[in-house]
Structure formats: C-alpha cells, structure tokens
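Chain residues, written in single-letter form:
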Amino acid sequence: MTRLLALDGWRRSVIGGLIAALPVVGVCVLVLLFAPAYVERLAYAGLVAIVVVAGLQVFTGNALIVNFGHTVWVALGAYFVAILTTPPAMKALIIPDAPWGLATLQLHPLPAVVIALFAVLALATLTGLVISRVSGIGADILTLCLQIIVHSVLIHWTDLFKGNTAFFGVPQFMTLPWALLIVTVVLVLARLFRDSPWGVQLRASSENLLAARSMGVNVARRRLAAWVLGALISATAGMMYVFFIGTISAKSFYFSYVFLTIAMLILGGMRTVSGVVVGTAIIQIGIELIRMLENGPVMLGLQLPQMFGLSGLVLGVVIVLCMVLRPSGVMGTREFDDLLRMWLARRPGRNGDRP
Amino acid sequence: MLEIRGVSKSFGGLKALDCVDLAVGPAEISGLIGPNGAGKSSLVNVISGLLAPDGGDVRLEGRVVSGQGPERVARAGIGRTFQNLRLFPALTVLQNIEVAAQTARECRPDRAVAMDLQAEIAALGLAGAEQLDAGTLSYGDQRRVEILRALALCPDFLLLDEPAAGMNEAESAMLATAIRSIRDRHGVGLIVIDHDLHFIMGLCERIAVLDMGRKIAEGTAQEVRHDPKVIEVYLGAPA
Ligand SMILES: Nc1ncnc2c1ncn2[C@@H]1O[C@H](COP(=O)(O)OP(=O)(O)OP(=O)(O)O)[C@@H](O)[C@H]1O
Ligand SMILES: [Mg+2]
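Just so you know, these numbers come straight off a predicted model, no measurement behind them. (Residues numbered from 1 in each chain as written. Chains lettered and ligands numbered in written order. Predicted model: local features only at pLDDT ≥ 70, side-chain atom pairs only at ≥ 80, totals over all residues. Heavy atoms only, no water.)

Asks: I keep staring at the overall build of chain B and nothing clicks. Help me out?
Replies: Helix and strand counts for chain B come out as ten helices and ten strands. For chain B, whose C-alpha radius of gyration is 17 Å, the value lies close to the compact-globule estimate of 18 Å for 239 residues. Its C-alpha atoms give chain B principal-axis dimensions of about 50 × 40 × 30 Å. When contacts within chain B are restricted to residue pairs at least 6 apart in sequence, long-range pairs at least 24 apart make up 68% of them. About 9,500 Å² of surface is accessible on chain B, with carbon and sulfur atoms providing 52% of the total. Counting 24 positive and 31 negative side-chain charges, chain B places the centres of these two groups 5 Å from one another. (Helix = DSSP H or I, 4+ residues; strand = E, 2+ residues; numbered from the N terminus. Rg over C-alpha atoms; globule rule 2.2 N^0.38 Å. Contact = heavy atoms within 4.5 Å. Areas by Shrake-Rupley, 256 points an atom, 1.4 Å probe, with all protein chains shown as cover. Lys, Arg positive; Asp, Glu negative; His and termini not counted. Charge placed at Lys NZ, Arg CZ, Asp CG, Glu CD.)

Asks: Explanation requested: the site of ligand 1 in the structure shown.
Replies: Residue and element names in this part refer to chain B. Neighbouring residues of ligand 1: 14 residues in total, closest N36, K40, S41, S42 and H195. In this structure, G39 approaches ligand 1 through a main-chain N or O atom, which is 3.0 Å from an oxygen atom. Taking 630 Å² as the accessible area of ligand 1 by itself, protein coverage stands at 62%. Looking at the shell around ligand 1, the elements that each hand over two or more residues are β2 (14–24) and α1 (40–47). It is α1 that provides the largest number of residues to the shell around ligand 1, a total of three residues. Here the residues of the shell around ligand 1 are counted per class, giving five nonpolar, seven polar and two charged. (Near = heavy atom within 4 Å. Polar contact = N/O pair within 3.5 Å; in protein donor to acceptor, adjacent residues only side chain to side chain. Nonpolar A, V, L, I, M, F, W, Y, C, P; charged D, E, K, R; others polar.)

Asks: Before we go on, may I ask you to explain the interface of chain B and chain A in this structure?
Replies: Quoted interface sizes are often the accessible area lost when the parts come together. Facing 29 residues of chain B, the contacting portion of chain A comprises 25 residues. Both faces considered, chain B and chain A share a buried interface measuring about 2,200 Å² in area, 58% of it formed by carbon and sulfur atoms. The interface formed by chain B and chain A contains nine residue pairs in polar contact (both at pLDDT 80 or more). Breaking the side of chain B that touches chain A down by element, the ones donating at least two residues are α2 (70–76), α3 (93–107) and α6 (139–151) of chain B. Tallying contributions element by element places α3(B) first for the side of chain B that touches chain A, with eight residues. Across the side of chain B that touches chain A, the residue classes break down as 13 nonpolar, six polar and ten charged. (Buried area = accessible area lost by both parts, 1.4 Å probe.)

Asks: Please explain the sheet that holds β2(B) as it appears in this structure.
Replies: Adjacent strands of a sheet form backbone hydrogen bonds with each other and so pair up, either parallel or antiparallel. Taken in spatial order, the four strands line up as β2-β1-β4-β5 (chain B) in an open sheet, and their pairing is antiparallel. The open sheet has two edge strands, β2 and β5 (63–64) of chain B, and neither has a second partner. (Pairing = 2+ DSSP bridges.)

Asks: Would you explain a nonpolar patch on the surface in this entry?
Replies: There is a patch of nonpolar side chains on the surface, built from A:L313, A:V317, A:V320, A:L321, A:M323, A:V324 and A:L325 and spanning about 710 Å² of accessible area. Among the structural elements, A:V317 can be located in helix α15 (residues 310–325). (Patch = residues over 30% accessible without salt bridge, like charges linked within 9 Å, V, L, I, M, F, W, Y side chains within 5 Å. Salt bridge = Lys/Arg side-chain N within 4 Å of Asp/Glu carboxyl O.)

Asks: What should I look at first to understand the pattern of salt bridges in this one?
Replies: Note on pairing: side chains with opposite charge can pair once their charged atoms come close. Under the counting rule described, the total for this entry stands at 28 salt bridges over all chains. Measuring nitrogen to oxygen at the nearest pair gives 3.9 Å for the salt bridge that ties A:R191 to A:E335. You can see A:R191 sitting in helix α9 (residues 176–195) and its partner A:E335 sitting in the loop between α15 and α16 (336–346), a full 144 residues away along the chain. A residue is classified by how much of its surface remains accessible, and A:E335, at 0% relative accessible area, is buried. As a salt-bridge pair, B:K215 and B:E218 come within 2.6 Å of each other at their nearest N and O atoms. The partly exposed category is assigned to B:K215, whose relative accessible area is 29%. Of the residues examined, B:E218 reaches a relative accessible area of 29% and is grouped as partly exposed. (Buried < 20%, exposed > 50% of the residue type's maximum accessible area, 1.4 Å probe, protein only.)

Written as structure tokens, this is what we have:
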C-alpha cells in the first residue's frame, strides 16, 4: 500500500474535501483575475449551486432517498435572513404588516445568520422526524409534500414573505472570495459526514437495509442527522444567494430549480462529494453555453436561429443519457482523492509498496 | 445464556418452526443441521429479530429479545451472518466492518476498545483486502467478511448461517479453526448452520437437528450421528 493509503480518519476526509474544492478555487481565481463582471456573477451563481447540491448530496447521496424538498431550505434560509436584516425603511414598503414586530427589526447579518440557522435546524428536525421513519418511495413522496407545503406558505403568507412578488432590499455584502470560502468549508463538511461512522452506517443502510439493521444501525437516526445537516447546508446556500443578489422570490426555488439541482447531483454521481462539483460544473457551464445558442448568435458568419427552450431540452436529454449509460454518474463511487490514490498505487516502480 | 423457548413461526399454512427449544451457553459452539427447508434460517431470523415469532420467545441472559426488531437484538449482543450474502457491496471491507464496530462503540464501549479488528481481519485471512469493495470479493471471502462484520459487534453470541457454503475442504478446515479461535479468545457462544456434516461434527460440541420445523434430535456429534430418527429423515442412510 502507498503511504497515502495509510492516511485515514478525519484527516483524509478533510484533504479529500479540499481536493474536491481545488478546481473550484482555481476557476474562481482565474475569473477574479481576468473575467468581466458578468462572468463573475455567473461564477457566483455556480458557487451557490455547488452548496445547494452539496446539501442535497448529504441526504440523498448517503441515504439514497430522492429529496424533492431540499430547495425549501434554500428558500427559508434566504427569507429568514432577508426578513431579519432588511432595513425597516425598506420593510415598510415590502412587509409593513409582518408579525412579531419583525417589520421594525433590523439585525446585523451575523446574528441573523445564526438565528436563521437555528430556525432551519428546528424545522428540519421536526420534518426529519417524520421523513426519516419512512423508507422507499414513501419517503420520496413526503419530500415532495414538504416542497409543496412550504412553497404554498411562502406564496400565501404575504405579511411575512411578501408572497408571489420579489422580496427586495436585502443588504448585499457577499463577494466571490467569501463564497469560495463557504464552498470549501461545505465540501469538507459533506465529505466529513460521508466518511464518518454515521455516514458509513447510513450508506450501508441504503445498500442493504436489513443487513444494516441487523448490525444495530438505527437507520432513522442516521437519516435524521443527514437530513438536518443537508438542510443547514442548503439554507447556507440561500443566505449566500440573497446577500449577493439582494432580492428573492419563492418561485426561483421551485420545481425547475429542484430539477436542475437534482440533475447536477445525478450527473456528477450522488454517492460522492466530488460528484457534486463535477455535476454542478458541467451543467452550470453547459447551460450558459446553450443559453448563448438560444439567442441565435452569429457563428462563423452564419446567423443561427433563436432556439428558446433549448437548455431545458438538452438538460433532459443529458439526464436520460446519464441514466442509461452511466447511472451512477460521472464519479460513480470514487472521490477525486480515491482516484488519485489508485493512480499513485498503480504507477510503475511503486509495486513494492503494495500488499 | 441464549435460550430459544417454544418458538413457532408459520408462513401462510406452512409451519416453518414448530415449538423449537434450544439453549446455547457462553463459549459454546452449537451446530444446527437439517435438510433444505427444515427451518434453520427461519430460526436464525427469529433469534436475530428479523422475524417475530408466532409463539414462544428468545431470551438473552433471561431478558426477552424476540419481536423487538433486529437493531435491538444486535445492540443486545447477538451478531449474525446471512446465508444469502448481505454485505454492503459498494463499501470497502473495512467500512463493512466499521458499520458494526460503530454499534459496538455505542452499546459496549469497553469491549469495542479491547477488540483488535486488524488482528481479526488477519486471522480470517483478509489482511490486505481492507480497502477493496466488498462486492468485488469472491463468495468465500464475502462469507469471511460477514463473520468479521458480525464479530465487530463484540457480541456474546454469533449466529453463522452456512459460513462454509461454497468453500473447499481446505478452506472450511481453516474456517473451523478460525471460528474455534474466535470462541476461545472472545468467549462468544455460537450457533453454526451448515450442510457439510464433516465440518459441523468437527466443530460443534452440541448439535441440534431440525426437520420440517421441529427439533428431532439434540446431542453430541456421536449421539446425533447414531440417532435413528436423524438417520431416517436427514441422512437417509447410515452415515
Ligand atoms: N420469509 C418467508 N416467507 C415465506 N416462506 C418462507 C420464508 N422464509 C422461509 N420460508 C419457508 O420456510 C421454510 C423453511 O425455510 P428456511 O429458509 O428456514 O429453511 P432452511 O433450513 O434454512 O433451508 P436451507 O438449508 O435451504 O437453507 C421453507 O419452506 C421456506 O420456503
Ligand atoms: Mg437456510
């Protein structure tokens, strides 16, 4: 075995998470140095997507239960900090009738983030207690119900969430480097969970439920832990988003975004944290390129026709191809650092180290 | 002490287990034999909590553990393997074992600390395979991983459902030695099921014989071998 193989425990997970973050950091540094401002905004959207998909991966990737509800945490995270940090002068316009004196309250972003995370923690624990007890399709359906219920509340509780129209005026202080730091921390966290004893037990339960239970695994509790951690990560993504853009509207987190982020997870490979980065990058970049095509650009002197809806079409086709040709996604079950380790072990001249 | 008292279990009209009694003491290796469909695996499923018995109960040190689900039984200190392998195929050998080891750390921390899993892996001849995906191993090695995984629970009792299936004579002889050594070093009581009578008779101090859900004989290898009922229903002809 190579020396790298001997490296085990949490250190290996941290390094693995950092390796997964490395290409993201590389791309963002290039963007910061050389790219125009609109590309920087696109890169920021990509970073938000990575955090959303990482939150999804923590639960869906480890428990193998599809989660159609993960974007409610993105939305709630964003709305909670928006409600807490937006200046009262602005709130007088948006939500003058907010309950519990929220219309006149303004918090510094830091306590607001902490309060929002605790609120999400509480809500995720409550919903998780129900969902974690159900297996198979029943659990998938419950996540769908959660999505519909929360969306309905966001749309109709206009006093608090402003309803169908955009909530605006949220302080915008986030920058790309800070988002990059959050992405790195989140990828390391997701990886730490995946490799932790609880994460391994949860993955075991997804591969063979009866065997896991027969090894004493309390499957519901492991699922709950992943559900709550995933929700907190997703909520963080929502906060990153709103503190950058300054506005939110509930429909931007609804089904098209659910599908987009699930597609990212599936394409990259839901079993790994590296897959989160790969799938998000391919789809995020791919969609931007296709959007340019949709507008009917001039290419090689040819005026191409406008092709609205092309991105949705291509996204669907890519997922179908992925499900047929490589159902476990680009990364399968191996992280970047696993591949690196296997490559190092296979290199000629190092055979002496192998068992 | 692991006591099975009057356990019955029916599937539809089929009596898979009919008032079965069995007791296994600490550090005792007990064999369970019987023709196909006799109810051996069903008995293991009842003991390990996968099946709730229709009648009777299973007691560990006097406490009833049956009918409470497999998690409870595993946590109480009874480990098992599966006749139809049930490893976690995409997890590594080490992670498979880790799943049970974590339970041991939660439920029996003192023993978990004392258990040297690396040594156990080596004792079963799997040193060097720790980082391989369990699903890529040969069936023989998968059976050994199942034993290691159950052992990682630091159990008081182990139920091995056909651990030597598919192994050649040399391999099952090595397995018998390994099982005896597990018993000697950890004081684990075992119930071992197998169709290989040579393997069972060489390994087990006591042997129970099941047929059509009933226990028809129990005793030492010698006693069972010469029991006319056993010869009739199980062996067909004198062994
Ligand atoms: N879950 C189940 N549902 C219905 N019938 C079952 C179930 N499990 C076992 N049986 C039936 O119960 C009877 C006993 O099965 P069991 O698997 O316990 O036998 P066995 O002694 O382990 O046989 P083998 O030596 O083939 O492993 C068989 O007739 C089997 O078909
Ligand atoms: Mg059987």
